Amino acid sequence: MLDLFHQNIQNHNILPYQGEAIYYGFAFTNEQADNYFLHLLTEVEWENDQALIFGKHITTKRKVAWYGTKPFQYTYSNIKKTAKPFTDQLLEIKKEIEKITGETYNSCLLNLYHNGSEAMAWHSDNEKQLLKNGAIASLSLGATRSFSFKHKKTNEKVDIILQSGSLLVMKGETQNFWLHRLPPTTKVNTPRINLTFRTIITE
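Every chain is numbered independently, its residues counted from 1 as its sequence is written. pLDDT decides what is reported in this predicted model: residues at 70 or higher carry local features, side-chain atom pairs at 80 or more are listed and counted, and totals for whole chains, interfaces and linings draw on all residues regardless. Where side-chain values are given, they derive from all heavy atoms of the structure, hydrogens and water being excluded.

J.: So what exactly am I meant to see when it comes to helix α1 (residues 30–43) here?
T.: Helical geometry: 3.6 residues make up each α-helical turn, so side chains three or four residues apart lie on a common side. Its 14 residues place the ends of α1 20 Å apart at the C-alpha level, agreeing with the 20 Å of an ideal helix rising 1.5 Å per residue. Among the residues of α1, Ala 33, Tyr 36, Phe 37 and Leu 40 are the ones counted as buried. Angular distribution of buried residues about the axis of α1 spans 105°; they occupy a single face of the element. Turned more than 90 degrees away from the buried face of α1 sit Glu 31, Leu 38, Thr 42 and Glu 43, all of them exposed. Throughout, a residue-residue contact means that at least one pair of heavy atoms, one from each residue, lies within 4.5 Å. Strands are runs of DSSP state E lasting at least 2 residues, helices are runs of H or I lasting at least 4, and numbering of each runs from the N terminus. The secondary structure elements touched by the buried residues of α1 are α2 (88–101), β10 (136–142) and β15 (192–198). For a helix, the expected span equals 1.5 Å multiplied by the residue count minus one. When a residue's accessible area, from a 1.4 Å probe over protein chains only, is under 20% of the maximum for its type it is buried; when over 50% it is exposed; and in between it is partly exposed. The directions considered for the arc are those from the helix axis to the C-beta atoms.

Put into structure tokens, the structure is as follows:
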């Protein structure tokens, strides 16, 4: 388990091979992270996530929101979403993330996990609408949670602790070779907001 909060490591690729998962440390101060968290918690148009799994319609406890520079269509778990216009707050965060990472993003999928029982199963962000091998910047706000990677062939695992204000960027071959997840935990009873800035391609 990598607890990088207590290590002065910046721009560090935590994956051993066939991918880039760059940990940037803290993108925002504690005060900034707290302010963004409270604002997003109350101002974002949250909706329970939907999924079609083996033909069955599932509604998750986790809530999501999808924003973009245009009304991009995004389909995952067999459910299509249309992006809402970026809010001023989200644009402010996006600008800072772009400055830190040197990448550009045109959309953001936000996840709201109310407590540690709400999690995300193993998956890759490889939907056809996403820029191939493009960067996905993941900003954590609120509760501290563990985040895991697993190689698709070797099953080698890499775990990292993500705290409020921390930034992790997946890019390059990561989605081709690695799965990732947010594991459940009984130790967390407070909410976490995860902002994943990404790039949708348009024809």
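J.: Any chance you could explain the sheet that holds strand β9 (residues 120–123) here in plain terms?
T.: Pairing between the strands of a sheet comes from backbone hydrogen bonds, and it takes one of two forms, parallel or antiparallel. Two strands pair if DSSP finds at least two bridges between them. Across the sheet, which stays open at both edges, the 4 strands sit in the order β9-β14-β11-β12 with antiparallel pairing between neighbours. Taken across any chain shown, the strands that pair with only one partner, and hence form the sheet edges, are β9 and β12 (157–162). Pairwise comparison of adjacent strand axes, ignoring direction, gives a mean angle of 15° for this sheet. Two elements, β9 and strand β14 (residues 178–182), share 2 bridges in a ladder whose sense is antiparallel. Pairing of Met 120 across the sheet is with Leu 182, part of β14. For helices, the axis comes from a line fit to the C-alpha atoms of the stretch in contact; other axes are also lines fit to C-alpha atoms, and the angle between any two N-to-C directions lies between 0 and 180 degrees.

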